[in-house]
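# Descriptive structure summary
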Amino acid sequence: MSDNPSFVLRKVEDVTYEDRPVPDIKDDEVLVAVKKTGICGSDVHYLVAGRIGQFIVEKPMVLGHESAGVISKVGPKVKNLKVGDRVAMEPGATCRVCHDCKRGRYELCPDIIFAATPPYDGTLARYYPIPADLCYKLPDNLTLEDGAMMEPLSVAVHAIANIGQLRANQSVVVFGAGPVGLLCMAVARALGASRVVAVDIVPSRLEFATRYAATEAYTPPKLEQGETRLAYSVRNARAMMQQLKIEERGPAGIDLVVDASGAEVSIQTGIHIAKHGGTFIQLGMGQAEITIPVTDLLVKEINFKGSFRYGPGDYQLAIALVSQGKIDLKPLVTHRFSWDQAIQAFQATRAGKSEDGKPVIKAVISGPDVSPDDLL
């Protein structure tokens with residue numbers, strides 16, 4: 001049966017709508033009628049560059065992976081879901097038998113089937129098949145738009161709570177006040193951080209960050225003519241520590257640094273400002289290779305860790321934080337588009353603002369026959 005309109009990336013800078021067959025499901029899967037999908041930076045990157053690292057678009061691919069919807073069909077072995085359930089969708093199906101899956105680090109599975117990561121299709125379609133255990137029922141006080149936002153929120157939960165192991169009353173600095181950086185700040189506050197510093201070069205982003213979740217903001221100085229990036233980062237770190245009264249050790253030190261920008265100078269600065277024995281989480285993707293102050297990393301015994309997507313318990317904690325009122329996702333959704341406006345939604349996200357000049361934090365596309373005004 002063909003009643004599955006899909007938003008397809010055919011090649012770089014070439015997207016179109018296609019009507020594809022309704023997917024079949026396995027015994028342990030469900031078919032979700034997708035209602036809300038947020039646009040991620042990776043979606044835009046595939047549109048613009050056709051690849052992210054080793055993942056290369058070599059054939060037409062449905063975009064989208066930040067989605068929520070309503071169960072349309074269930075496989076015979078599915079016991080925990082029924083038709084009509086509203087669910088957030090975790091868009092990465094793992095093998096479940098490899099070493100990483102069995103030790104509880106399934107985000108590292110080498111055979112993960114992740115939506116809108118080549119060669120696998122994404123969720124920007126009327127229907128999407130998914131293992132039932134990767135669907136999470138939404139409480140009545142959450143909308144399907146909230147459900148779509150659980151994907152980027154789970155990225156932040158994974159970085160802050162899982163990999164970063166944040167504890168109440170600790171201090172956090174987040175470099176990059178884009179959607180994921182903002183969500184990291186929100187998670188840190190929700191989990192009891194005493195201090196959350198937002199760092200960005202865009203003043204409007206910092207203004208929003210301090211209204212939303214950050215306790216303080218810092219604007220880095222500009223690079224001086226002839227100054228190396230390493231020298232700049234030392235100067236920037238000293239200025240930041242002086243301005244914000246950050247110490248190298250003790251209660252006034254920074255326990256957890258999160259880079260959500262991918263910028264080389266942010267990573268360098270973050271290593272300099274982390275306290276002795278502190279933790280640094282690399283979350284943002286930037287250049288494949290950079291220079292870091294490795295002696296600082298060594299002498300200060302900084303725990304330098306990568307954070308990739310999400311793992312066991314991250315979606316559940318994300319949903320709990322929002323349903324309990326500890327995180328408000330609504331201010332982050334700045335733009336809403338209908339299904340037939342998907343191209344405009346990508347254009348606005350790529351430009352960082354819509355045609356009326358309004359800055360984009362997160363754009364959400366509604367599914368076919370769903371009004372953007374209906375948050376469901």
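Computed from a predicted model, the values in this text were never measured in an experiment.

Conventions and cut-offs
- Residues numbered from 1 in each chain as written.
- Predicted model: local features only at pLDDT ≥ 70, side-chain atom pairs only at ≥ 80, totals over all residues.
- Heavy atoms only, no water.
- Helix = DSSP H or I, 4+ residues; strand = E, 2+ residues; numbered from the N terminus.
- Rg over C-alpha atoms; globule rule 2.2 N^0.38 Å.
- Buried < 20%, exposed > 50% of the residue type's maximum accessible area, 1.4 Å probe, protein only.
- Contact = heavy atoms within 4.5 Å.
- Areas by Shrake-Rupley, 256 points an atom, 1.4 Å probe, with all protein chains shown as cover.
- Lys, Arg positive; Asp, Glu negative; His and termini not counted.
- Charge placed at Lys NZ, Arg CZ, Asp CG, Glu CD.
- Right-handed = clockwise from strand over helix to strand, strands pointing away.
- Pairing = 2+ DSSP bridges.
- Arc of directions from axis to C-beta.
- Polar contact = N/O pair within 3.5 Å; in protein donor to acceptor, adjacent residues only side chain to side chain.
- Phe/Tyr/Trp six-rings, centres within 6.5 Å; stacked < 30°, edge-to-face > 60°.
- Axes fitted to C-alpha atoms, helices over the stretch in contact; angles between N-to-C directions.
- Parallel < 35°, antiparallel > 145°, perpendicular 65-115°, else oblique.
- Nonpolar A, V, L, I, M, F, W, Y, C, P; charged D, E, K, R; others polar.
- Salt bridge = Lys/Arg side-chain N within 4 Å of Asp/Glu carboxyl O.

## Side note on the overall build of the chain
- A count of helices and strands for the chain gives 10 helices and 20 strands.
- Taken over C-alpha atoms, the radius of gyration comes to 21 Å for the chain, in line with the 21 Å a tight globule of 376 residues would show.
- Taken over the C-alpha atoms alone, the chain extends approximately 65 × 40 × 35 Å along its principal axes.
- Within the chain, the proportion of its 376 residues that are buried is 55%.
- The long-range fraction of contacts in the chain, counting pairs at least 24 apart against all pairs at least 6 apart in sequence, stands at 70%.
- Total accessible area on the chain is roughly 16,800 Å²; 51% of this is exposed by carbon and sulfur atoms.
- Computed over 41 positive and 44 negative side-chain charges, the inter-centroid distance for the chain is 3 Å.

## Thoughts on the pairing of strand β17 (residues 274-282)
- Burial within β17 is extensive, with seven of its nine residues counted as buried.
- For the crossover that starts at strand β16 (residues 254-259), traverses helix α7 (residues 264-273) and ends in the parallel β17, the hand is right-handed.
- Two strands pair when backbone bridges link them, and β17 and strand β18 (residues 303-306) are joined in this way by four bridges, in the parallel orientation. The residue of β18 that forms the bridge with Q282 is G306.

## Quick look at helix α9 (residues 314-323)
- Every buried residue of α9 is listed here: D314, Y315, A318, I319, L321 and V322. Seen from one end, α9 has its buried residues packed into an arc of 160°, which puts them on one side.
- Remark: G325 follows α9 within two positions and exhibits a positive phi of approximately 80°.

## Quick word on the environment of D328
- Locating D328 in the fold gives a position in the loop between α9 and β19 (333-337).
- Along the chain, D328 and D146 lie 182 residues apart, while their C-alpha atoms are 9.1 Å from each other.
- At a separation of 3.1 Å, a polar atom in the side chain of D328 contacts the main-chain amide nitrogen of K330.

## Observations concerning the packing of aromatic side chains
- With the rule as written, the count across this model stands at eight aromatic pairs.
- Between F7 and F346, the aromatic rings sit 5.5 Å apart at their centres with planes inclined by 35°, giving tilted as the arrangement. Linking F7 in strand β1 (residues 2-11) with F346 in helix α10 (residues 342-351), this pair joins segments that are 339 residues apart in sequence.
- Judged by its relative accessible area of 2%, F346 falls in the buried class.
- Arranged with centres 6.3 Å apart and planes meeting at 35°, the rings of F114 and Y310 form a pair that is tilted.

## Some words on the side chain of S67
- By the secondary structure assignment, S67 is in strand β7 (residues 66-74).
- A distance of 2.7 Å separates polar atoms of two side chains, one belonging to S67 and the other to T37.
- With sequence-adjacent residues up to four places away left out, S67 is seen in contact with V34, K36, T37, A88, M89, T123, G147 and A148.

## What to know about α10
- Within α10 the residues assigned to the buried category are A342, A345, F346, A348 and T349. Axial view of α10: buried residues confined to an arc of 165°, hence all on one face.
- Count one or two residues on from α10 and you reach G352, which has phi positive near 85°.

## With respect to the packing of helix α3 (residues 144-163) against α9
- The N-to-C vectors of α3 and α9 enclose an angle of 105°; their axes lie 8 Å apart at closest approach. As judged from the angle between their axes, α3 and α9 are roughly perpendicular. When α3 is examined against α9, the residues M150, E151, L153, S154, V157, H158, A161 and N162 are found in contact with a partner set consisting of D314, Y315, L317, A318, I319, L321 and V322.
- Within the contact of α3 with α9, the residues separate by chemical class into 10 nonpolar, three polar and two charged.

## Points about the environment of K137
- As for its position among the elements, K137 is in strand β12 (residues 135-137).
- Exposure remark for K137: the relative accessible area of 47% places this residue in the partly exposed category.
- Separated by 153 residues in sequence, K137 and I290 have C-alpha atoms that sit 41 Å apart.
- Not counting residues up to four positions away in its chain, the partners in contact with K137 are N80, L81, D85, R86, V87 and I319.
- For K137, the side chain forms a polar contact with the main-chain oxygen of N80, separated by 3.3 Å.

## What about the pattern of salt bridges?
- Per the counting criterion, the structure on display carries 21 salt bridges.
- Among the ionic pairs, D85 bridges to K82, the shortest N-O distance being 2.9 Å.
- Overall, D85 belongs to the buried group, its relative accessible area being 8%.
- Under the relative-accessibility criterion, K82 is labelled exposed at 52%.
- Residue D85 pairs with K137 through a salt bridge whose shortest N-O separation is 3.9 Å.

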